[in-house]
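# Chains, contacts and geometry: an overview
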Amino acid sequence: MDVAFVLVHSPSVGPLTWAPIAQRLDAAGIRAIVPSLVGVADASPPFWRPVVSAVRDAIEQIPQDQPIVLVAHSNAGLFMPVIVDASPRRVAGCLFVDAALPSPAGPTPAAPAELLDFLRPKVADGRLPKWTEWWDESDVAPMFPDATTRSAVSAEQPRLPLSYYEELVPVPADWNDRPCGYLLFGPPYEPLAKLASARGWAVEHVPGRHLHQLVDPEAVAAAIVAMAAAWH
């Protein structure tokens, strides 16, 4: 393909959540990069600024004449508009993978009120536990293909401050003046996939849990490439 893929992970986890997809794209001769956002947890607010800075610096590795497709997973979807706005390369499309969606206009809360109510009792010394420690074991274990992968992914997870989830993320005008799409894995993101469809975006479904890119990277990589190919 003539585009490069920029795979953006949620700051709640780390770049290993995208590693199997990057490896498969590279093996197919498709340029793919995974900016690391693990340092965001130790940055100063507003946290969207270090997210944008890290992704922008990574995009600089890509040849100037090569357009990019931004692919955001989970909470990283909220940063898509500010990443587009700051990109040093032409953004040919935006793909949300089991991801949160930015508001149609105006700033987007980093977390809804009900999530903040769920998180506040978990705070210790101003920070939250690692993301996989928020949930019951019965929910966490099936998200991983094996114990080795789980251990590696869990080890790089940061402990985010609660303030990360309390801020508003800007939504620059015209960020979505390009093709956008949504790749759904499953609940609880089905309403967001329906919202993406209502916005006129392409929506595809690869059934799985929230980290399905770790469980079936072949299917997820194929879906990402197919959706992007339809835009060109």
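For the structure itself, consult the block above.
The text that follows walks through the structure, step by step, so that each part is easy to find. What you see is a predicted model; the values in this text were computed from it and never measured.

Owing to its 3.6 residues per turn, the α-helix brings residues three or four apart onto one side. Inspection of helix α1 (residues 19–27) places Ala-19, Pro-20, Ile-21, Ala-22 and Leu-25 among the buried residues, and these make up the whole buried set. Check the buried side of α1 and you find it contacts β1 (4–8), β2 (32–33), α9 (212–215) and α10 (217–229). Gly-29, located one to two residues past α1, shows a positive phi value of around 80°.

Two elements in contact, α1 and α10, have axes whose closest approach is 9 Å; the angle formed by their N-to-C orientations is 65°. Our pair here, α1 against α10, has a crossing hand that is right-handed. Between α1, through Pro-20, Ile-21, Arg-24 and Leu-25, and α10, the contact on the second element is made entirely by Pro-217, Glu-218, Val-220, Ala-221, Ile-224 and Val-225. Considered class by class, the residues forming the contact of α1 with α10 number 8 nonpolar, no polar and 2 charged.

The next thing to look at is the sheet that holds strand β7 (residues 180–184). Spatial strand order, β2-β1-β3-β4-β7-β8: 6 strands in an open sheet with parallel pairing. Strand pairing shows two members of the sheet lacking a second neighbour, β2 and β8 (202–205), which therefore form its edges. Two elements, β1 and β2, share 2 bridges in a ladder whose sense is parallel. Among the inter-strand pairings, Val-6 is bridged to a residue of β2, identified as Ile-33. In the packing of α1 onto the sheet, contacts are made with β1 and β2, and the angle to β1 comes to roughly 175°. Helix α8 (residues 190–198) rests against β7 and β8 of the sheet, and its axis sits at about 155° to β7.

Before going further, it helps to spend a moment on the packing of aromatic side chains. A full pass over the atoms with the stated rule returns 10 aromatic pairs. Considering the side-chain rings of Trp-134 and Trp-135, the 5.7 Å spacing of their centres and the 55° angle between planes classify their relative orientation as tilted. Of the residues examined, Trp-135 reaches a relative accessible area of 33% and is grouped as partly exposed. Pairwise contacts between aromatic rings join Phe-47, Phe-79, Phe-118, Trp-131, Trp-134, Trp-135, Tyr-164 and Tyr-165 into one cluster.

Procedures and definitions
Residues numbered from 1 in each chain as written. Predicted model: local features only at pLDDT ≥ 70, side-chain atom pairs only at ≥ 80, totals over all residues. Heavy atoms only, no water. Buried < 20%, exposed > 50% of the residue type's maximum accessible area, 1.4 Å probe, protein only. Helix = DSSP H or I, 4+ residues; strand = E, 2+ residues; numbered from the N terminus. Contact = heavy atoms within 4.5 Å. Axes fitted to C-alpha atoms, helices over the stretch in contact; angles between N-to-C directions. Left-handed = near helix turned anticlockwise from the far one by under 90°. Nonpolar A, V, L, I, M, F, W, Y, C, P; charged D, E, K, R; others polar. Pairing = 2+ DSSP bridges. Phe/Tyr/Trp six-rings, centres within 6.5 Å; stacked < 30°, edge-to-face > 60°.

Nothing here speaks to function; it is geometry throughout.
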